[in-house]
Amino acid sequence: MPYIDKSFYTDVYMGTPIDDGAFPRLLERACDSIDHITNFALVYLDLDSMHQVIQLNFKKAVAAQVEYLSSVGESVVHGISGPVNVSVGAFSYSEGGNAHSPISPAAVSYLRGTGFLNRGVTVRG
């Protein structure tokens, strides 16, 4: 479920320009990533009924994740990156800093104040 649209990304978040053809795909992956780290909190809640500050920060988190996927490559959500250290017998190969987190540090920062990163156990009846 998309939590933002291209207009929010461009006009409110003022993100790095992204091709119109790639935006829907990146948005879908970004929403999936945000759903995962928030433990699918908005599956049970209505974002529009929440305080405006929470709504804005949640939407900015999604936008930050879209921008992040655009810059580091969307395959990062699948854990695909080059090898960092490989050793076979006496042969050793190292490549510095190619591995990226699947989640944007900015997205996590936006989500911190929303309460959506709380992994506490809840019971729904």
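Residues numbered from 1 in each chain as written. Predicted model: local features only at pLDDT ≥ 70, side-chain atom pairs only at ≥ 80, totals over all residues. Heavy atoms only, no water.

A. Examining the nonpolar core more closely. Formed by 29 residues in total, the largest nonpolar core has its most connected members in Tyr9, Ile34, Phe58, Val62 and Val66. Among the secondary structure elements, those contributing two or more residues to this core are helix H1 (6-12), helix H2 (23-37), helix H3 (41-44), helix H4 (52-72) and helix H5 (105-112). Not counting chain neighbours up to four residues away, the residues in contact with Phe58 comprise Tyr3, Ile34, Thr38, Leu42, Leu47, Leu111, Thr114 and Phe116. (Core = buried A, V, L, I, M, F, W, Y, C linked by side-chain atoms within 4.5 Å. Buried < 20%, exposed > 50% of the residue type's maximum accessible area, 1.4 Å probe, protein only. Helix = DSSP H or I, 4+ residues; strand = E, 2+ residues; numbered from the N terminus. Contact = heavy atoms within 4.5 Å.)

B. View of H2. In this model, H2 (15 residues) spans 21 Å end to end at C-alpha, consistent with the 21 Å of a helix rising 1.5 Å per residue. Residues of H2 that are buried in the fold lie against H1, H4 and H5. Directly beyond the C-terminal end of H2, a positive phi value near 60° is found at Asn39. (Expected span 1.5 Å × (residues − 1).)

C. Structural view of the pattern of salt bridges. Going through the model one piece at a time under the given rule, you end up with 1 salt bridge. Between Asp20 and Lys6 there is a salt bridge, with the nearest N and O atoms lying 2.7 Å from each other. Of the two residues, Asp20 sits in the loop between H1 and H2 while Lys6 sits in helix H1, which places them 14 residues apart along the sequence. The class for Lys6 is partly exposed, based on a relative accessible area of 23%. (Salt bridge = Lys/Arg side-chain N within 4 Å of Asp/Glu carboxyl O.)

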